[in-house]
Amino acid sequence: MNQTVTRFAPSPTGLLHAGNYRTAVFAYLFAKHTGGKFIVRIEDTDAARSKPEYEANILETLEWLNLPADALYRQSEHRIRHRELLEKLVAENKAYVSKETPKNPGDREEVIRFRNPGGDYTFVDVIHGEIKTNVDDLGDFIIARSFDEPVFHFAVVVDDADEGVTHIIRGGDHISNTARQMLIRSALGFAEPLYAHLPLIMDNQHKKLSKRYGAKALTEYRDMGILPEALLNYLASLGWNPGDDREYLSREDLSEAFDLSRVQKGSAIFDEVKLLSVNQHWMRELSDDDFAKHLDVGRTTSHMIIQLLKERAKSFKEAREMLSRELKCLFEEPVLDRDQLVAKEPKDRPDMTKSALESLSEALKALSGGVSPEVVKDSIMPLADAEEAKGKGGRGAVLWPLRYALSGQERSPDPFTLISILGIKESLSRIEKAIAILS
RNA sequence: GGCCCUAUCGUCUAACGGUUAGGACGGAGCCUUCUCAAGGCUUAAAUCAGAGUUCGAUUCUCUGUAGGGUCACCA
């Protein structure tokens, strides 16, 4: 029968954070799961604070997350309708124009107040069950600053009804707004929608995520190289689970499995460490081509280098940093330090390190062209094992100088992989230079 | 402070009223290993407290406690 309609209704008064978009994710997934529509409505009734660049950022982020809206509205486009209904309420004596003494700059001398009948009200929240409130101390609250300037509570009710929203999925911080919106709704004679108030997302101080306390704009996550799949997956897992042990769900998996009945009641803390680990998972799912595209560095990156990055990096930002730090030696010749080059065991025997490098060099000369790490390993390990058998310094007596000669780094990928990536010729040249230092 | 919401490992969470309370991230240890990373194995870690209902409560009820949200001519 009637199709579900959900909406995401952000106000363009700042950059939005994970908490905001988590509600968008849930509203979107619920709509998709039920074969319904997902509406985005920009709540720009506060002309003074609304900014076009914030609206642009919201739309850009939604596109990046790939949460396409079936319809896009701006609340300001509905002024005429709002005015019409405001006048209707006043004509019916359900609201009235009230003389005021302005308290703050910008306050009007005349506003429109709702005639509050008072009493107890109960509504059924899809997630929390029955929630009851007493509406007496709300008084005759303001619903518009003038006939052309409705206030949030009024505009939301009208727009949700006009746009046919069936499920109002929003943050739990709106629970206390629900009663007054129900009052307006029923005065207007609109049908009652279903409410689903999501648990809030908290920062590590256990406070509601907010711009003020440093919550990141979602675009910052994009800029640090988090994949939209990862953010979507992680956001969906905050306050919801698929009912089985799956941790990594694609957009399709999520739309398929998402249901309001498994939404958590308690708030959740946003954990960037876990987000990073989810991101690593999705980075590894990428093809080499897509990985290189996201990596977005000038140089070409081979399959093997991408493998190294997939093993290590949890974000593309981190991957780029690795390319200019521990993996730098793949692209430029390292500067070697003599003391570092000499094997730790046996101690202070540069002569032995030198002869080890010389035998390695000989062994490598037997190879040519493109060699896999396995081939390199096969030709080199016997030398290392022989050293170990002699009991002088173990494999490290051979492998450490080798790896250091190639990388100039205390930490790096293993020497077999390095040789395979660098090629025999370049590797031999680096080993020669290391031998020269020891001579 | 009033009103409202919530309560399982550090974090995200699972568990028809009956489980050795499970998984994931993070931590620790071991294996692998010249280093780093990855991988494999193992491990520590939780039902907020107190009553009640019940043969039996993580689960239902009440009280307390704690945390959070909200109290605008913002949304």
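Above this text you will find the structure in question.
Worth saying up front: this structure is predicted, and the values here are computed from it rather than measured.

Enquirer: For this particular structure, what's the right way to read the overall build of chain A?
Expert: When you go through chain A residue by residue, the secondary structure sums to 18 helices and 13 strands. Compactness check: chain A gives a C-alpha radius of gyration of 32 Å against a globular reference of 22 Å for 439 residues, more than 25% above the reference. Taken along its principal axes, the extent of the C-alpha atoms in chain A is 100 × 45 × 35 Å. For chain A, the residues scored as buried account for 36% of the 439 residues in total. Nonlocal contacts in chain A, meaning residues at least 24 apart in sequence, comprise 73% of its contacts between residues at least 6 apart.

Enquirer: Would you explain the sheet that holds strand β4 (residues 95-99) in this entry?
Expert: Strand pairing in a sheet relies on backbone hydrogen bonds. The paired strands run either parallel or antiparallel. Strand order in the open sheet formed by four strands is β4-β5-β8-β9, and the pairing between neighbours is antiparallel. Strand pairing shows two members of the sheet lacking a second neighbour, β4 and β9 (149-150), which therefore form its edges. Of the strand pairs in this sheet, strand β5 (residues 110-114) and strand β8 (residues 142-146) are connected by two bridges, and their pairing is antiparallel. For I112, the partnering residue across the bridge sits in β8 and is A144.

Enquirer: Please clarify how the packing of helix α7 (residues 228-237) against helix α9 (residues 272-285) should be interpreted in this entry.
Expert: Helix-helix packing is described using two parameters, namely the angle between the two axes and the distance between the axes. Packing of α7 against α9 leaves a shortest axis separation of 8 Å and a crossing angle of 130°. Relative to α9, α7 is oriented oblique. Between α7 and α9 lies a crossing whose hand is right-handed. Packed against α7, whose contacting residues are E229, A230, N233 and Y234, the element α9 presents K274, L275, V278, N279 and W282 at the interface. The residue inventory of the contact of α7 with α9, partitioned by class, reads five nonpolar, two polar and two charged.

Enquirer: Explain the protein's contact with RNA strand B here, please?
Expert: Contacts to RNA strand B come from 59 residues, most closely from S11, E43, F152, G266 and D414. Those elements giving two or more residues to the surface near RNA strand B turn out to be β7 (129-134), β8, α5 (175-188), β13 (268-269), α9, α11 (303-312) and α16 (396-407). Considering only residue class, the surface near RNA strand B consists of 17 nonpolar, 18 polar and 24 charged.

Enquirer: Help me understand helix α17 (residues 415-422) in this model?
Expert: One turn of an α-helix holds 3.6 residues; hence residues three or four places apart share an orientation. The buried count for α17 comes to eight of eight residues, which makes it a mostly enclosed element. Listed as buried for α17 are P415, F416, T417, L418, I419, S420, I421 and L422. Looking at the packing, one finds that the buried side of α17 touches α11, α15 (373-390), α16 and α18 (424-438). A positive backbone phi angle near 95° is found at G423, which sits one or two residues after α17.

Enquirer: Help me understand the pairing of β7 in this model?
Expert: Regular strands have side chains that alternate between both faces of the sheet. Of all six residues in β7, zero are buried, a share of ten percent or less. Direction of pairing for strand β6 (residues 120-125) relative to β7: antiparallel, over a ladder of six bridges. Looking across to β7, one finds that F123 is bridged to I131. Counting the residues between successive antiparallel strands, the hairpin from β6 to β7 contains three residues.

Enquirer: I'm lost on the environment of A397 in this one. Help?
Expert: Looking at where A397 falls in the secondary structure, it is placed in helix α16. Exposure remark for A397: the 23 C-beta atoms within 10 Å place this residue in the buried category. Taking C-alpha positions, A397 is 9.9 Å from R349, a pair spaced 48 residues apart along the chain.

Enquirer: Mind showing me how you'd approach unusual backbone geometry here?
Expert: Excluding glycine, most residues fall at negative phi; most peptide bonds, likewise, are trans. At N93, a residue that is not glycine, the phi angle is positive and equals roughly 65°. In this fold, N93 is placed in the loop between α3 (79-91) and β4. Phi at D296 takes a positive value of approximately 55°, unusual for a residue other than glycine.

Enquirer: Help me understand the nonpolar core, please; the structure alone is not making it clear to me.
Expert: V25, A27 and L235 are the most contacted members of the largest nonpolar core, which totals 108 residues. Of all the elements, helix α1 (residues 18-33) adds the most residues to this core, at 10 residues. If sequence neighbours within four positions are ignored, V25 has contacts with L67, L232, L235 and A236.

Enquirer: I tried to follow the environment of A217 on my own but got confused; where do I start?
Expert: Here A217 is to be found in the loop between β12 (201-202) and α6 (218-223). In this structure the C-alpha to C-alpha distance between A217 and E60, which are 157 residues apart in sequence, comes to 12 Å. In this view, A217 contacts L15, L16 and H17; residues no more than four positions away in its chain are not counted.

Thresholds, definitions, all that
- Residues numbered from 1 in each chain as written.
- Chains lettered and ligands numbered in written order.
- Predicted model: local features only at pLDDT ≥ 70, side-chain atom pairs only at ≥ 80, totals over all residues.
- Helix = DSSP H or I, 4+ residues; strand = E, 2+ residues; numbered from the N terminus.
- Rg over C-alpha atoms; globule rule 2.2 N^0.38 Å.
- Buried ≥ 20, exposed ≤ 12 C-beta atoms within 10 Å, placed from the backbone.
- Contact = placed C-beta atoms within 7 Å.
- Pairing = 2+ DSSP bridges.
- Axes fitted to C-alpha atoms, helices over the stretch in contact; angles between N-to-C directions.
- Parallel < 35°, antiparallel > 145°, perpendicular 65-115°, else oblique.
- Left-handed = near helix turned anticlockwise from the far one by under 90°.
- Nonpolar A, V, L, I, M, F, W, Y, C, P; charged D, E, K, R; others polar.
- Near = placed C-beta within 6 Å.
- Core = buried A, V, L, I, M, F, W, Y, C linked by C-beta atoms within 7 Å.

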